[in-house]
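Fold and geometry: a report
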Amino acid sequence: MKIERRPTTALIPNPVVLVSAAGRGPGDAGNFLTIGWVGTVCSTPPMVGVAIRPSRFSHGLIAASREFVVNVPDARHLEAVDVAGVWSGREHDKFAELGLTALPGSKVGAPLIAECPINFECVVRHQLALGSHDLFIGEVVATHYDEEVLDGRGRLKPHAVHPITLVDGEYWSLGERIGLQGAAAKARGK
Ligand SMILES: Cc1cc2nc3c(=O)[nH]c(=O)nc-3n(C[C@H](O)[C@H](O)[C@H](O)COP(=O)(O)O)c2cc1C
């Protein structure tokens, strides 16, 4: 039996990322915030979307610079992820206070967070006002991986990354591999 509830956006699993943006001038390392509303939206060109409330300090930074970086944190950084989702860059230097390292991007002015094993440099191509959130759709112009999370052939080792997912107010990590993409279709002769 199905139980109908009020409309929600409780898609699971939903990754939790840190989205960084350039600061407002020399000597400003930039800022980042925790984002749960993030997703892949296009392959060619490669695009990701992040939904940010206009009230966030980061919203103004990204709207002005038209650039951001999606940083995939490891579960080891859960404390920083949680705090960055409460503190605002208006009152805090989150890089310094949370002990994270800003690295210059190769293609954008927004900083990479060095401690995050995967970083996507993005240029804003669209900004959509959806309601509570604005959706920034960014074209990924460079992707960076810690070498420890890649195998000898340059492929991502999923077990080397411990991404964080948000489920109804709780942080969870991923479990074990349960299959290979296309295997079931192949078994049926496709
Ligand atoms: C797990 C988690 C997920 C969040 N997801 C979003 C989100 O998708 N969009 C958003 O605007 N704020 C989100 N927030 C809230 C912001 O991270 C928070 O308001 C932050 O302090 C804003 O920082 P800023 O003012 O420096 O930009 C989330 C917070 C947490 C803890």
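Preceding this section is the structure that the text describes.
Attention in this report is confined to the structure presented alongside it. (Residues numbered from 1 in each chain as written. Predicted model: local features only at pLDDT ≥ 70, side-chain atom pairs only at ≥ 80, totals over all residues.)

Bringing the overall build of the protein into the picture now. Scanning the protein for helices and strands turns up four helices and eleven strands. Computed over its C-alpha atoms, the radius of gyration of the protein comes to 18 Å, within 12% of the 16 Å expected for a compact globule of 190 residues. Projecting the C-alpha coordinates of the protein onto the three principal axes gives extents of approximately 60 × 50 × 35 Å. Here the protein holds 190 residues, and the buried ones make up 28% of them. Restricting to contacts in the protein with at least 6 residues of sequence separation, those with at least 24 account for 60%. (Helix = DSSP H or I, 4+ residues; strand = E, 2+ residues; numbered from the N terminus. Rg over C-alpha atoms; globule rule 2.2 N^0.38 Å. Buried ≥ 20, exposed ≤ 12 C-beta atoms within 10 Å, placed from the backbone. Contact = placed C-beta atoms within 7 Å.)

Counting buried positions along strand E2 (residues 31-35) gives five out of five residues, so the element sits mostly inside the fold. On E2, burial covers both faces: Asn-31, Leu-33 and Ile-35 on one face and Phe-32 and Thr-34 on the other are all buried. Pairing analysis gives five bridges linking strand E1 (residues 14-21) to E2, with the strands arranged antiparallel. Its bridge partner being in E2, Leu-18 is matched across the sheet by Thr-34. (Pairing = 2+ DSSP bridges.)

Within helix H1 (residues 57-65), the full set of buried residues consists of Ser-58, Leu-61 and Ile-62. Take H1 and look down its axis: the buried residues cluster within an arc of 90 degrees, on one side only. On the buried face of H1, the contacting elements are E1, E2, strand E4 (47-52), strand E5 (67-72), strand E8 (118-129) and strand E9 (134-145). Residue Arg-66 follows H1 closely and has a positive phi angle near 60 degrees. (Arc of directions from axis to C-beta.)

A few words on the site of the ligand. Around the ligand, the structure places 22 residues, and the nearest of them are Phe-57, Ser-58, Gly-85, Ser-88 and Gly-89. Of all the elements, E2 adds the most residues to the shell around the ligand, at four residues. (Near = placed C-beta within 6 Å.)

Within the largest apolar cluster, 35 residues are counted, with the highest numbers of intra-cluster contacts made by Leu-18, Val-19, Val-50, Phe-68, Val-69 and Val-70. Among the elements that take part in this core, E1 stands out by supplying five residues, more than any other. Those residues in contact with Leu-18 that sit more than four places away from it in its chain are Phe-32, Thr-34, Asn-71, Pro-73, Val-81, Ala-84, Ile-113 and Cys-116. (Core = buried A, V, L, I, M, F, W, Y, C linked by C-beta atoms within 7 Å.)

Moving on: the pairing of E4. Alternating positions in E4 separate cleanly, Val-48, Val-50 and Ile-52 being buried on one face and Met-47, Gly-49 and Ala-51 remaining unburied on the opposite face. Bridge analysis of strand E3 (residues 38-42) against E4 gives four bridges, and the strand direction is antiparallel. When the sheet's bridge partners are listed, Gly-39 is paired in E4 with Gly-49. A loop of four residues connects E3 with E4, the two strands running antiparallel in sequence. Note that E4 and E9 share six bridges and pair antiparallel. Bridge pairing in E9 links Met-47 to Glu-139.

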